[in-house]
Amino acid sequence: MALHEINLTIPCAQGAAAIPADWAHSGVVGSGDMEVLMQRGDFGGAVRVKIVTPVTGYDEVWEKVLRKFVEESKISDTSIEINDNNSTPYIVAMRLKQGLLEMKEAAI
Amino acid sequence: MRAWKELQQASFYESSARERALGLVDEGTFRELIGPQDKLCSPHLPVLGEAVSFDDGVVTGVGKIGARPVFVISQEGRFIGGAVGEVGGAKIVGIFRLALGLYEKIKAAHPEDFESRAPAIVYSFETGGVRLHEANAGLLAHAEIMEQMQACRGKVPVISLVGSKVGCFGGMGFVCVSADAVIMSELGRIGLTGPEVIEQEIGKKEFDSADRALVYRTTGGKHKTIMRDCAALVEDSIAAFYDKISELLALSYESLQRYRVIGTPALVREQMELVALAAELKPRDSRDVWAHFGNEHPERIPDMEVDEFLRTAKLRTRKGG
């Protein structure tokens with residue numbers, strides 16, 4: 001019954017760069033929603049992910065969504081921490097993009 | 001998150017706790033304390049397999065309005081209905097303690113122009129009360145927050161804001177009205193036992209929680225304004241709440257006290273007279289109460305725009321005006 005934790009280390013894509021701020025937080029852990037905290041770190045180019053969720057049995061789906069995000073957004077040396085409350089994969093992908101976009105807007 | 005200027009025009013009702021916190025103080029002054037990057041999550045929820053949040057559903061921080069430091073507490077209704085647990089409760093209590101500590105420091109450093117520099121607390125309530133998953137810690141947090149509110153008496157003004165989706169219910173209903181003043185929008189709701197719980201316990205005939213109009217007539221901002229539990233009814237925008245906070249904080253501490261509803265023997269007597277009036281009047285609906293206080297067409301009140309309501313509605317006369 002305890003919360004499920006997923007830890008991933010994802011190598012960054014070619015031409016990837018650090019995120020535009022030291023850290024950024026976005027989203028609310030509502031029902032079917034999640035929050036994400038992204039922080040700069042020295043991970044030898046990789047992206048470290050920690051997901052805390054009540055959902056079990058979907059580790060492969062989580063990994064696919066996160067790998068796709070890291071690949072498309074071209075970020076490196078970042079820790080991504082997610083507190084999830086039963087989000088669908090589509091919501092997860094959208095919230096990650098939103099978090100990064102908000103960080104870019106704030107950095108301008 | 002939206003920028004300060006954009007937030008001013010945003011609906012208070014639809015804004016997140018963090019957006020409200022940022023928008024309720026002067027532009028660029030809000031600084032969050034124990035924010036998401038501190039990762040202080042509830043230790044109780046994971047054991048139960050319930051989702052956690054980095055801020056435990058409460059945004060706490062400090063900003064400024066003019067020259068005054070304004071401490072902000074803002075609850076997030078989308079996280080477990082804004083219910084108060086151990087960590088969130090401790091963050092709230094911490095803000096009260098910081099405000100009181102700063103009060104003493106500023107008083108010692110600026111005895112001449114202290115009034116214009118005195119710290120204040122604004123508390124945006126969006127909560128159903130105790131978080132049942134950590135009930136003892138949640139209840140204890142209620143008691144500690146109440147104690148801090150009392151410690152602020154005569155020192156730090158506390159202003160409650162209610163205008164969010166969940167409203168303010170359960171034990172937090174008590175906490176909210178123990179402040180010096182309450183600001184609401186007409187979408188704000190304050191009560192002790194929430195509508196669903198009344199229906200569950202006593203039955204649909206007694207209180208139909210699906211009847212939104214009835215719920216708003218009984219617990220909403222307009223009713224609370226007529227009853228004088230609410231000091232000021234404002235439009236549903238962050239700017240409207242911000243403006244009203246600035247207006248109330250411009251008053252001396254002494255004159256702000258006229259908006260208090262509990263906290264002195266005289267105020268308790270005033271409340272007891274209302275209980276006696278309820279027994280005598282036996283109202284079947286809030287409309288009967290509105291009519292008693294001089295509103296000739298109480299049925300029109302729910303549909304009124306805020307400015308028309310403030311212009312025409314008759315409010316209960318308070319002791320001492």
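Residues numbered from 1 in each chain as written. Chains lettered and ligands numbered in written order. Predicted model: local features only at pLDDT ≥ 70, side-chain atom pairs only at ≥ 80, totals over all residues. Heavy atoms only, no water.

All right, on to the overall build of chain B then. Per the secondary structure count, chain B includes 13 helices and 7 strands. Here the C-alpha radius of gyration of chain B, 19 Å, is about what a compact globule of 321 residues would show, namely 20 Å. Across its three principal directions, the C-alpha atoms of chain B cover 55 × 50 × 40 Å. Out of the 321 residues in chain B, the part that is buried amounts to 53%. Intrachain contacts of chain B at a sequence separation of at least 6 include 70% that bridge at least 24 residues. Here chain B carries 39 positive and 45 negative side-chain charges, and the mean point of each set is 3 Å from the other. (Helix = DSSP H or I, 4+ residues; strand = E, 2+ residues; numbered from the N terminus. Rg over C-alpha atoms; globule rule 2.2 N^0.38 Å. Buried < 20%, exposed > 50% of the residue type's maximum accessible area, 1.4 Å probe, protein only. Contact = heavy atoms within 4.5 Å. Lys, Arg positive; Asp, Glu negative; His and termini not counted. Charge placed at Lys NZ, Arg CZ, Asp CG, Glu CD.)

Residue and element names in this part refer to chain B. One finds Phe96 and Ile121 to be the most contacted residues of the largest nonpolar core, which totals 49 residues. Ranked by residue count, the leading element in this core is helix H3 (residues 86-109), at 8 residues. Of all hydrophobic cores here, the second largest spans 27 residues; its members include Trp4, Leu24, Val234 and Tyr242. (Core = buried A, V, L, I, M, F, W, Y, C linked by side-chain atoms within 4.5 Å.)

In helix packing, the relevant descriptors are the interaxial angle and the interaxial distance, both defined with respect to the helix axes. Residue and element names in this part refer to chain A. Close contact between helix H1 (residues 59-73) and helix H2 (residues 89-107) brings their axes to 10 Å; oriented N to C, the two are set at 30°. With respect to H2, the axis of H1 lies roughly parallel. Judged by the sense of rotation from one axis to the other, the crossing of H1 with H2 is right-handed. Note on element contacts: H2 touches H1 through Pro89, Val92, Ala93, Leu96, Lys97 and Leu100, opposite Val61, Trp62, Val65, Leu66, Phe69, Glu72 and Ser73. When its residues are assigned to classes, the contact of H1 with H2 shows 10 nonpolar, 1 polar and 2 charged. (Axes fitted to C-alpha atoms, helices over the stretch in contact; angles between N-to-C directions. Parallel < 35°, antiparallel > 145°, perpendicular 65-115°, else oblique. Left-handed = near helix turned anticlockwise from the far one by under 90°. Nonpolar A, V, L, I, M, F, W, Y, C, P; charged D, E, K, R; others polar.)

Interpreting fine coordinate detail is not advised for predicted regions of low pLDDT. Here chain B averages 96 in pLDDT, and 99% of its residues register 70 or above. Overall fold confidence (pTM) sits at 0.96, and the ipTM for the predicted complex is 0.94. (pLDDT = per-residue confidence, 0-100.)

Here we come to a nonpolar patch on the surface. The grouping of Met1 of chain A together with Val47 and Leu48 of chain B at the surface amounts to a nonpolar patch, some 350 Å² of accessible area in total. As for its placement among the helices and strands, Leu48 of chain B is situated in the loop between strand S1 (31-32) and strand S2 (58-65). On the basis of relative accessible area, Leu48 of chain B is assigned to the partly exposed category, the value being 35%. (Patch = residues over 30% accessible without salt bridge, like charges linked within 9 Å, V, L, I, M, F, W, Y side chains within 5 Å. Areas by Shrake-Rupley, 256 points an atom, 1.4 Å probe, with all protein chains shown as cover. Salt bridge = Lys/Arg side-chain N within 4 Å of Asp/Glu carboxyl O.)

Across the contact, 19 residues belong to chain B and 20 residues belong to chain A. Between chain B and chain A the total buried area reaches about 1500 Å² when both faces are included, carbon and sulfur atoms providing 60% of it. In terms of surface lost to chain A, no three residues of chain B exceed Gln37, Phe54 and Arg78 of chain B, which account for 33% of the buried area on that side. Across the contact surface, chain B and chain A share 1 salt bridge. A salt bridge links Glu81 of chain A to Lys39 of chain B; its shortest N-O distance comes to 2.5 Å. Between chain B and chain A we count 6 residue pairs in polar contact (both at pLDDT 80 or more) in total. Looking at side-chain class alone, the side of chain B that touches chain A contains 10 nonpolar, 4 polar and 5 charged residues. (Buried area = accessible area lost by both parts, 1.4 Å probe. Polar contact = N/O pair within 3.5 Å; in protein donor to acceptor, adjacent residues only side chain to side chain.)

This part is about the packing of aromatic side chains. All names here are of chain B. Evaluation of the coordinates by the stated rule reveals 4 aromatic pairs over all chains. A ring pair is formed by Trp4 and Tyr242, whose centres lie 5.9 Å apart and whose planes are at 85°; its orientation type is edge-to-face. Of this pair, Trp4 sits in helix H1 (residues 4-9) while Tyr242 sits in helix H9 (residues 238-249); the two residues are 238 residues apart in sequence, bridging distant segments of the chain. When sorted by exposure, Trp4 lands in the same class as Tyr242, which is buried. An angle of 20° between the planes, with centres 3.9 Å apart, marks the rings of Phe12 and Phe241 as stacked. (Phe/Tyr/Trp six-rings, centres within 6.5 Å; stacked < 30°, edge-to-face > 60°.)

What follows is about the sheet that holds strand S5 (residues 78-85) of chain A. All names here are of chain A. Read across the sheet, 5 strands follow the order S1-S4-S5-S3-S2 without closing on themselves; strand pairing throughout is mixed. Strands at the two margins of the open sheet, each flanked by one partner only, are strand S1 (4-10) and strand S2 (23-26). Between one strand axis and the next, the sheet turns through 10° on average, direction left out of account. Pairing analysis gives 7 bridges linking S1 to strand S4 (residues 47-53), with the strands arranged antiparallel. Bridge pairing in S4 links Thr9 to Arg48. (Pairing = 2+ DSSP bridges.)

All names here are of chain A. With 15 residues, H1 extends 21 Å between its outermost C-alpha atoms, agreeing within 8% with the 21 Å of an ideal straight helix rising 1.5 Å per residue. Residues of H1 that are buried include every one of Trp62, Val65, Leu66, Phe69, Val70 and Ser73, and no others. For H1, the angular spread of buried residues about the axis comes to 130°, placing them on one side. In H1, those exposed residues whose orientation departs by more than 90 degrees from the buried face are Glu60, Lys64, Lys68 and Glu71. Contacts made by the buried residues of H1 are with S1, strand S3 (33-40), S4, S5 and H2. (Expected span 1.5 Å × (residues − 1). Arc of directions from axis to C-beta.)

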